[in-house]
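# Understanding the architecture of this molecule
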Amino acid sequence: MSIQETIKNELNDAQQQAAFFGEGPLLIIAGAGSGKTKTLVYRVANLVDKGIPAEQILLLTFTRKAAEEMLKRASLILDHRCDNISGGTFHGFANTALRQYAQHIGFEPNFTILDRGDSEDLIKTIRKDKGLSSTDKRFPKKGTLASLFSKSTNTSTPIDKIVMSDYPQFLDFTDEIKLIETEYHHQKKLMQVMDYDDLLIRFLECVTQNPDIQQRFKAYYQYILVDEYQDTNSIQARLVKSILNETHNNITVVGDDAQSIYSFRGAHFQNIIKFPDHFPNTTIVKLEQNYRSTQPILDLTNAMIANATHHFSKTLFSENESDVKPEIIETVNDNEQSKFICKKILELREKDIPLSKIAVLIRSGWHSNDLELELKAHNLPFQKMGGFKFVETSHIKDVLSYCQIIYNPLDLISWTRLLLLLDGCGAAAAKKITSAIPANLHQLESIISNHKTKKYASDLLTLLKLVADPTTKTLKPSLILDRALTLYNPLFKLKYDDFHKRQSDIDSLVTIIDRFKTLDTMLTELSLDPPNTTQAGSDAVDREDEKLCLSTIHSSKGLEWHTVFILSAIDGYIPSFQSLGDIEQIEEERRLLYVALTRAEKELYIMKPNLDLSTSNHYKFSGMQFSNITRFLDQKIVSEYTNHQSSKPPKRNSNFSIPMDDDLTDPDTDLLYGKPYKSKKYLF
DNA sequence: GCGCACGGACTTTTT
DNA sequence: GTCCGTGCGC
Ligand SMILES: Nc1ncnc2c1ncn2[C@@H]1O[C@H](COP(=O)(O)OP(=O)(O)OP(=O)(O)O)[C@@H](O)[C@H]1O
C-alpha cells in the first residue's frame with residue numbers, strides 16, 4: 001500500500017488535512033490523545049514520499065522521552081528511506097551543530113557539557129573566590145544561583161528582573177549576583193564547557209554572528225516540525241526561527257496549550273497560542289476526537305480542565321465507550337497504597353495485560369520510594385523514568401570526571417573534583433594545581449614540580465600522566481574507563497563506607513560504557529541522554545517490554561498505557577506544596593494532573609493515601625496535617641465521574657483495641673474531604 | 001591548609 | 001532523617 005493510501009486509511013479528515021498539507025506554516029493545536037504525534041509522523045512520511053530527502057527534514061521536541069517516542073513511531077511506519085531523518089531534542093540538535101561550528105564563537109569542538117551539579121560546583125568556587133560566601137546567611141546558595149541564572153537565560157530576562165520577580169529576598173545582593181553570573185560565563189568559556197542552556201544560546205550566537213553558517217542551515221532544512229510546542233520557550237522558538245528558510249516558512253508545530261507544564265524553565269502556553277502572530281499565514285488545524293482513552297476517562301479529564309482559570313476551549317470526545325469509571329482508591333497509608341498497586345498489577349497480569357502496558361505516575365521522584373521496595377518484594381520488574389539520575393550520583397560523577405579531563409583537559413571543574421579525592425589535597429591545593437593547568441596544557445607533568453613533597457604527589461603524578469598521554473583519548477571508552485578505575489578504586493574505598501552498594505553502580509557504568517566506540521560520543525550521550533539503571537526485579541528478563549513503567553508526570557508526556565495509576569494524588573503533592581503560593585503555578589499543577597490522567601487508555605486509578613504530613617519536616621510549616629485528595633478533584637467531580645472506594649483498611653493493627661484520639665482521623669468520616677488543614681502548634 | 005563535627009535549612013518538575 | 005555550609009581543632 002502506498003503511503004498516501006495508508007494515510008487515508010489511518011487518519012481522520014482533519015488529521016489528513018494536516019498530513020497532506022503543502023508548504024507554509026502549519027499549527028496543529030489539539031487536546032490529549034487526539035493523534036497529534038501520529039499526524040506529525042505521517043506528515044513526515046508523506047514528505048519523504050514526495051521526494052524530500054529525509055535528512056533535510058528536522059524533527060524537534062524538548063524532552064528526550066517525547067523525542068524518542070516520535071522517532072520510534074516514525075521508524076515504524078516509514079521504510080528505510082527515512083532512517084536519516086534529523087530528529088531529537090533541541091539540546092541534542094544544538095550540540096551536534098556546535099561540535100561542527102563551535103570554533104566560530106571561540107570554542108573548540110571538544111567542549112564538555114556541564115550537568116547541574118557541575119554548574120553548581122563552578123558557581124560555588126566563584127562565590128568563594130569573590131569572598132561572597134562567608135557569614136552572610138542570607139546570601140543565595142549555589143543551587144538557587146544556578147536556578148536563577150537558568151531562569152534568566154531561559155526567559156531572556158536580565159538577572160535583576162528575575163531577582164525582583166522571583167527572589168525579592170535577595171534584592172540587596174543583586175550586584176553580587178550579577179558579578180557571579182558574569183564570572184560564571186567567563187569561566188565556562190575559559191574551560192571550554194557549556195551548560196545545558198549554553199548549548200542553545202551558543203548555537204544562536206553562532207548563527208546570528210555568522211550569516212554564512214546561518215544560511216547553510218536555512219538552505220539545508222526544507223521542513224522543520226516541532227512536537228509538544230507548548231513546552232517550547234522563547235530561546236527554542238528563536239532557535240527554530242534562526243534556521244528556518246523564510247522564503248518557504250515550512251514549519252509545522254504541534255501542541256496542546258492545556259498540557260503546558262514547563263513554565264519553570266520559561267515555557268508558556270501563550271507561546272503556542274501566539275504562534276500565528278509570528279507567522280501571519282499560518283494554517284490552523286484543530287483535532288477533537290480522542291483515540292486514546294475511554295469516554296468515562298475523558299469525562300473526568302474534561303471536567304477537571306474545564307475548571308481551569310484560563311479557558312482551554314477543547315472538549316474531547318471518544319468513540320471508545322466503556323462503563324468503567326476512573327477509580328479513586330483511598331488507603332490508610334503509603335505502604336497500603338503500594339500494596340494495593342502491586343496487587344492490582346498482579347490481577348492485571350492474570351488478565352493478560354503485560355507490565356509494559358501499565359504505568360505508575362508520580363509528581364516527584366521520591367514519592368515512589370515505598371512503592372519501589374514493594375515492587376521489588378513482589379518481584380515486579382520496573383523501569384523508572386525521570387527523577388533522580390544515575391549519572392548524577394557522586395561516585396559515578398567521580399569516574400566520569402576522569403573521562404572528561406582526558407577529553408577536555410581545560411575542564412577544571414572535573415579536575416577539582418578528582419583532586420579533592422586525594423588525601424591531603426583540599427580546596428587550596430586543588431586551586432593551585434588547576435590554575436597551573438591552562439598554561440601547561442602540553443607539559444602537564446611539569447606541574448608536579450611544585451608538589452613533589454606533598455602526601456598526594458604520586459597520585460597526582462599518575463593522574464597528570466594519564467591525561468598527558470596523547471594516546472589515552474584515542475582508546476575505546478571501556479579501556480579508558482579501566483585506566484580511570486585503576487586510579488579511582490583505592491580512593492573510592494576510602495571515600496565511601498558503603499562502597500559495596502556503590503560498587504554495583506560502577507559495574508553498571510562499565511556495562512553501559514561498553515557499547516560506545518569513541519570518547520566523545522560517550523560523553524555527549526551520557527550528558528544528553530543519560531541512561532537509567534534504577535530498574536530492578538528479575539535481571540533475567542532485560543527486555544524493556546517486560547517492565548512496568550514508573551515515571552514522573554513530566555517524563556510521561558506524549559506516552560500512553562492501558563492502565564495508569566496516579567500515585568499520591570493529594571494536596572501538597574499535586575499541587576505540590578511549593579506551588580501553593582502562586583495561582584499561576586497552581587494552574588500549572590492542574591495541567592500536570594491533566595497530562596497524567598490523559599495518559600490512560602482503559603483503566604485509571606487515582607490513589608489517595610492518608611499520609612500524616614506533619615511528620616515530614618518539609619510540611620511542618622504548611623499547616624497541613626492530614627492529606628486530602630488533590631483540590632483539582634472536587635466533590636462534584638469525584639461523585640459524578642469516578643468510583644470512590646477505600647481499600648479495606650485493617651481495622652486494627654494491634655491486638656489491643658484502645659479509645660481513639662480525637663486528633664487523629666476518625667475512621668468513619670469521609671477521609672477524602674474530612675479534617676483538612678490542621679494548624680500545627682509550631683507557633684508556641 | 002585540611003579534615004571533621006556540629007548546626008541549619010530544606011527535597012518539584014528537564015535539558 | 002539528610003544534605004550542605006560553616007567553624008574549629010589539628
Ligand atoms: N485516526 C486515528 N485512528 C485510530 N487511532 C488513532 C487515530 N489518531 C490517533 N490514534 C491513536 O490515538 C493514540 C494517541 O495518539 P497520539 O499519541 O498521536 O496523540 P497526541 O495528540 O500526540 O497525544 P498527546 O497530546 O497526549 O501527546 C495513539 O495510540 C494513536 O495511535
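Each remark here, short or long, concerns the structure printed above.
Residues numbered from 1 in each chain as written. Chains lettered and ligands numbered in written order. Predicted model: local features only at pLDDT ≥ 70, side-chain atom pairs only at ≥ 80, totals over all residues. Heavy atoms only, no water.

## Re the overall build of chain A
Filter applied, for reference: Put simply, DSSP H or I for four residues or longer makes a helix, DSSP E for two residues or longer makes a strand, and each gets a number counted from the N terminus. Accessible area is worked out with a 1.4 Å probe on protein chains only. A residue is then buried under 20% of its type maximum, exposed over 50%, and partly exposed in between. In this description, contact between two residues means that some pair of their heavy atoms is separated by no more than 4.5 Å.
The secondary structure content of chain A amounts to 27 helices and 17 strands. Counting across all 684 residues of chain A, residues that qualify as buried make up 54%. Intrachain contacts of chain A at a sequence separation of at least 6 include 78% that bridge at least 24 residues.

## Focus: the protein's contact with DNA strand B
Heads up, the condition is: Residues are labelled near a given molecule or strand when at least one of their non-hydrogen atoms is within 4 Å of it. Side-chain atoms alone can form a polar contact between residues adjacent in sequence; in general such a contact is a pair of N or O atoms within 3.5 Å, and within protein one must be able to donate a hydrogen while the other accepts it.
Taken together, 30 residues surround DNA strand B, and among them Arg64, Arg363, Gly365, Gly424 and Ala429 come closest. Among all atoms of DNA strand B positioned within 4 Å of the protein, those belonging to sugar or phosphate total 62%. In the model, a phosphate oxygen of DNA strand B is placed 2.6 Å from a nitrogen or oxygen of the Gly365 main chain. Backbone polar atom of Gly426 to a sugar or linking oxygen of DNA strand B: 3.2 Å apart, as the coordinates give it. Listed by contribution, the elements that provide at least two residues to the surface near DNA strand B are helix 20 (427-436) and helix 25 (553-556).

## Regarding the site of the ligand
Around the ligand, a shell composed of 20 residues is seen, among which Gln15, Lys36, Thr37, Arg73 and Glu560 lie nearest. Take Lys36: an N or O atom from its side chain is 2.5 Å from an oxygen atom of the ligand. Between an oxygen atom of the ligand and a side-chain N or O atom of Thr37, the distance comes to 2.8 Å. Considering every element that reaches the shell around the ligand, the biggest residue donor is helix 3 (residues 36-49), with three residues.

## Some words on the side chain of Lys384
Position of Lys384 relative to the elements: it lies in strand 13 (residues 382-385). Look at Lys384 and you get buried, because its relative accessible area is 8%. At a separation of 3.0 Å, a polar atom in the side chain of Lys384 contacts the main-chain carbonyl oxygen of Gly365. At 2.9 Å, the side chain of Lys384 forms a polar contact with the side chain of Glu372.

## Considering helix 12 (residues 234-243)
Spelled out, the test is: The arc in question is formed by the directions pointing from the helix axis toward the C-beta atoms.
Residues of helix 12 that are buried: Ile235, Gln236, Leu239, Val240, Ser242 and Ile243. Down the axis of helix 12, the smallest arc covering the buried residues is 160°, so these residues share one side. Where helix 12 begins, the capping side chain belongs to Asn233, and its oxygen is found 3.1 Å from the backbone nitrogen of Ile235.

## Topic: the sheet that holds strand 8 (residues 283-287)
The condition is simple: Pairing between strands is defined by DSSP: at least two bridges between them are needed. Note on definitions: angles span 0 to 180 degrees between N-to-C directions of axes, and those axes are lines fitted to C-alpha atoms, for helices only across the stretch in contact.
Sheet architecture is open: six strands sit in the order 3-2-6-7-1-8, paired in parallel fashion. On the outer flanks of this sheet lie strand 3 (86-89) and strand 8, each paired with one strand and no other. Recorded for the sheet is a direction-independent mean angle of 15° between the axes of neighbouring strands. As defined by bridge partners, strand 1 (residues 26-30) adjoins strand 7 (residues 251-255) across four bridges and the pair is classed as parallel. Residue pairing in the sheet places Ile28 in a bridge with Val254 of strand 7. Helix 4 (residues 64-77) rests against strand 2 (57-61) and strand 3 of the sheet, and its axis sits at about 145° to strand 2.

## What to know about the packing of helix 5 (residues 90-101) against helix 11 (residues 211-220)
Test applied: Comment on the angle field: the value is read as roughly parallel under 35 degrees, roughly antiparallel over 145, roughly perpendicular from 65 to 115, and oblique elsewhere. Whether a crossing is left-handed or right-handed is set by the direction in which the near helix is turned from the far one by less than a right angle, anticlockwise for left-handed and clockwise for right-handed. Residues are grouped as follows: nonpolar covers Ala, Val, Leu, Ile, Met, Phe, Trp, Tyr, Cys and Pro; charged covers Asp, Glu, Lys and Arg; every other residue, Gly included, is treated as polar.
Look at helix 5 against helix 11: their axes get within 13 Å of each other, and the N-to-C directions meet at 130°. Our classification of the angle between helix 5 and helix 11 gives oblique. Helix 5 and helix 11 meet at a crossing whose hand is right-handed. Contact residues: helix 5 offers Phe93, Ala97 and Tyr101, while helix 11 offers Ile213, Arg216 and Phe217. Looking at the contact of helix 5 with helix 11, its residues break down into five nonpolar, no polar and one charged.

## Topic: the side chain of Ser34
Residue placement: Ser34 occurs in the loop between strand 1 and helix 3. Reaching out from Ser34, the side chain makes a polar contact with the backbone oxygen of Gly31 at a distance of 2.7 Å. Residues contacting Ser34, with those up to four places away along its chain left out, are Gln15, Leu287, Gln289, Asn290 and Tyr291.

## A few points about unusual backbone geometry
Residues Ile574 and Pro575 are joined by a peptide bond in cis, for which omega reads 5°. With respect to the helices and strands, the residue Pro575 is situated in the loop between strand 15 (561-566) and helix 26 (583-597). You will see that Asp352, though not glycine, has its phi angle at about 65°, which is positive. Along the chain, the position of Asp352 falls in the loop between helix 16 (334-350) and strand 12 (358-362). You can call Asp352 exposed: its relative accessible area is 67%.

Such coordinate-based values are descriptive only and should not be taken to indicate function.
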